[in-house]
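Architecture at a glance
Chain by chain, the residues run as shown.
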Amino acid sequence: MWRNRNFLILMFGLAVSSTGLWVGIIGNLEFLQMNVESSFLQALIILAGFLVGIFLAPMAGRIIDRSNKKKILIYAGFARCAAIFFMYLAIAYNNVWWMVVYTLVIGISGTFSQPAMQTMLPLIVKKDELLDANGVNMNIFTASRIVGTALGGVMLVGMSLFSLYTVTLISYVILLISTFFLDVEEQPKKADSSGRKDNFFRTLGELYPIIKNERKVVYGIFLLIPAYLFLSGFNLMVIEISELQDNAGIKGILYTTEGVCVFIGTFLSKKFFRDNPKLSYMFAITFVIAAAHTSLFLADHPIMSVLSFGLFGLAAGTLFPVVTTIFQTDVPSDYHGRFFSIKGMVDNIIFQVLMLLTGLFLDTIGFHKMVIGFGITSFFIATVIYYQYKTKSGSNKNDRMAAIK
């Protein structure tokens, strides 16, 4: 795998561009903090790219399947570079609408580039190396997030927003140039001539009879909600904590702490939960996430905010690999593609709704009441599902004992 030229080029481009992306995200938060007072409006602006992605995702998927992936990455790369110039205009004129345009263009580019990169990976590595390649992909993105947010936080202290976005532009240009050096043989799929059109509801109807009988999968889906409550408001909470502490540099520290702890959590999941991903582990981890969210009530203090984000990163880094393992092993392989595509779409919708709620609550009830409310909600969700799990487990055990008698 490490001797594969195309794989090295793809991972190099991913590392550089992801680092620049997170530097830009720190810049986005700073620009919004300076120009938009309402947390709800901040959420709407951040969501603009996600919204366009949801509407374009079905079309993007068909185009990616039928077209040359390298060309799609190149076109998306040009769009990504062009988007930075809209952000330059936003900074020059202190105009939020230019940032909205920037966010939309970045969202459109990501809608095409991310799936194209994911579908290209199996074309350039052997099947028995694919799992390792995906692991490297995930670790590179996490490492880039740590480096990018730390770099962005440091740059904010002594440099201008123009400088931050120039770093982002350079990283995108490097990715674009490296894409030209890819040499991948592929045979794009032909258009489906059957006339059958897949849609969300038809696919969901096919999955429901399969999923409803897999208890671990159902519980796993619901136990991700507390993590989504935290993640969906991540950027807005970072902005709010920065304002509470009157410290712009805390943004990079929080992102870095959470990212490092995700690494540690991922290691723990591989060491302790690889062979036995029990639901009881998932419940315990979910309660830790709820505790991390609730502890943000003390986020006025720098040490407590760092500890809360670190605790969440540790729990999330452990939870997501365990849940993903359950999905991969308990959902029939013939349904993996449909399951993960529908799950990805639903995840995006949930994220957007929860982010809007986060912005709304920050504007109305305030940060401290919001984190207490979300923390209690997470505890409630985990407790209800745990009760259901124990009730059904006890019922199934009694049924087995009765059958034996």
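Each chain carries its own residue numbering, running from 1 in the direction its sequence is written. pLDDT decides what is reported in this predicted model: residues at 70 or higher carry local features, side-chain atom pairs at 80 or more are listed and counted, and totals for whole chains, interfaces and linings draw on all residues regardless. In computing side-chain values, all of the structure's heavy atoms are included and hydrogens and water are not.

Here we come to the overall build of the protein chain. When helices and strands are counted, the protein chain shows 15 helices and zero strands. Burial classes follow relative accessibility: with a 1.4 Å probe on protein chains only, a residue under 20% of its type's maximum area counts as buried, one over 50% as exposed, and anything between as partly exposed. A burial count over the protein chain gives 47% of its 405 residues as buried. Between two residues, a contact is recorded if the distance between any of their heavy atoms is within 4.5 Å. For the protein chain, restricting intrachain contacts to residue pairs at least 6 apart in sequence, the fraction spanning at least 24 positions comes to 85%. Working definition of accessibility: Shrake-Rupley area with a 1.4 Å probe, residue cover restricted to the visible protein chains. In the form shown here, the protein chain has an accessible surface area of approximately 20400 Å², with 65% of it arising from carbon and sulfur atoms. A helix here means a DSSP run of H or I that spans at least four residues, while a strand means a run of E at least two residues long, and both kinds are numbered starting from the N terminus.

Looking at the secondary structure, you find L47 in helix α2 (residues 39–66). For the pair L47 and V100, spaced 53 residues apart in the sequence, the C-alpha separation amounts to 9.6 Å. Once you skip the residues sitting within four places of it in the chain, L47 turns out to touch Q352, M355 and L356.

So, on to the packing of aromatic side chains. In summary, the pairing rule links any two rings of Phe, Tyr or Trp, Trp by its six-membered ring, whose centres are within 6.5 Å, and it sorts them by plane angle into stacked for under 30 degrees, edge-to-face for over 60 and tilted for everything else. All chains considered together, the criterion is met by 13 aromatic pairs. Ring centres of F230 and F309 lie 5.4 Å apart, and the angle between their planes is 75 degrees; on these two criteria the pair is classed as edge-to-face. Of this pair, F230 sits in helix α9 (residues 225–232) while F309 sits in helix α13 (residues 302–330), placing them 79 residues apart in sequence. Each member of the pair F230 and F309 is classed as buried. We count a charge as sitting over a ring when the NZ of a lysine or the CZ of an arginine lies within 6 Å of the ring centre and within 35 degrees of the ring normal. Directly above the aromatic system of Y172 lies the positively charged group of R80, at a separation of 5.5 Å from the ring centroid.

The next point concerns the side chain of E30. When you line up the elements, E30 lands in helix α1 (residues 5–35). Pairs of N or O atoms within 3.5 Å make up the polar contacts considered here, provided that, within protein, one atom can donate a hydrogen while the other can accept it, and that residues adjacent in sequence are counted only when both atoms are side-chain atoms. Side chain to side chain, E30 and K251 meet in a polar contact 3.0 Å long.

Within the protein chain, residue pLDDT values average 79, and 80% of them lie at 70 or more. Put simply, helix α7 (residues 200–211) is where the protein chain has its lowest mean pLDDT, 69, and helix α3 (residues 69–93) is where it has its highest, 92. pLDDT measures how confident the predictor is about each residue, on a scale from 0 to 100.

The subject of this paragraph is a nonpolar patch on the surface. Side chains of F78, V173, I177, F180 and F181 sit close together on the surface and give an oily, nonpolar patch of about 490 Å² of accessible area. Within the secondary structure, F180 is located in the loop between α6 (161–179) and α7. What goes into a patch is any residue over 30% in relative accessible area without a salt bridge, connected to like charges within 9 Å or, for nonpolar side chains (Val, Leu, Ile, Met, Phe, Trp, Tyr), within 5 Å. For salt bridges, the criterion is a side-chain nitrogen of Lys or Arg within 4 Å of an Asp or Glu carboxyl oxygen.

Okay, the environment of V154 next. Within the secondary structure, V154 sits in helix α5 (residues 130–158). Look at V154 and you get exposed, because its relative accessible area is 60%. A C-alpha to C-alpha distance of 6.7 Å links V154 and G249, two positions 95 residues apart in sequence.

On to unusual backbone geometry, then. Positive phi, normally seen in glycine, also occurs at N94, with a value near 50 degrees. Mapped onto the secondary structure, N94 falls in the loop between α3 and α4 (96–124). Non-glycine residue D246 carries a positive phi angle of around 50 degrees. The residue D246 is located in the loop between α10 (234–245) and α11 (250–272) in this model.

Here we come to the pattern of salt bridges. Across all of its chains, the model carries one salt bridge by this definition. Between E30 and K251 there is a salt bridge, and its shortest N-O distance comes to 3.0 Å. With E30 in helix α1 and K251 in helix α11, this residue pair connects regions lying 221 residues apart in the sequence. With a relative accessible area of 14%, E30 lands in the buried category. Residue K251 is classed as buried on the basis of its relative accessible area, which comes to 0%.

The next thing to look at is the packing of α1 against α6. Direction vectors running N to C along α1 and α6 enclose 155 degrees, while the axes themselves pass 8 Å from each other. The angle between α1 and α6 places the two elements in the roughly antiparallel class. Crossing handedness for the pair α1 and α6: left-handed. Under the grouping applied here, Gly and all other residues not named as nonpolar or charged are polar, the nonpolar ones being Ala, Val, Leu, Ile, Met, Phe, Trp, Tyr, Cys and Pro and the charged ones Asp, Glu, Lys and Arg. Here the contact of α1 with α6 is built from residues that sort into 16 nonpolar, nine polar and one charged. Interaxial angle, 0 to 180 degrees, is taken between N-to-C directions of lines fitted to C-alpha atoms, where a helix line uses only the stretch in contact. Oblique is the label for any angle not covered by the other classes, which are roughly parallel (under 35 degrees), roughly antiparallel (over 145) and roughly perpendicular (65 to 115). The crossing is said to be left-handed when, going from far helix to near helix, the turn is anticlockwise and less than a right angle, and right-handed when the turn is clockwise.

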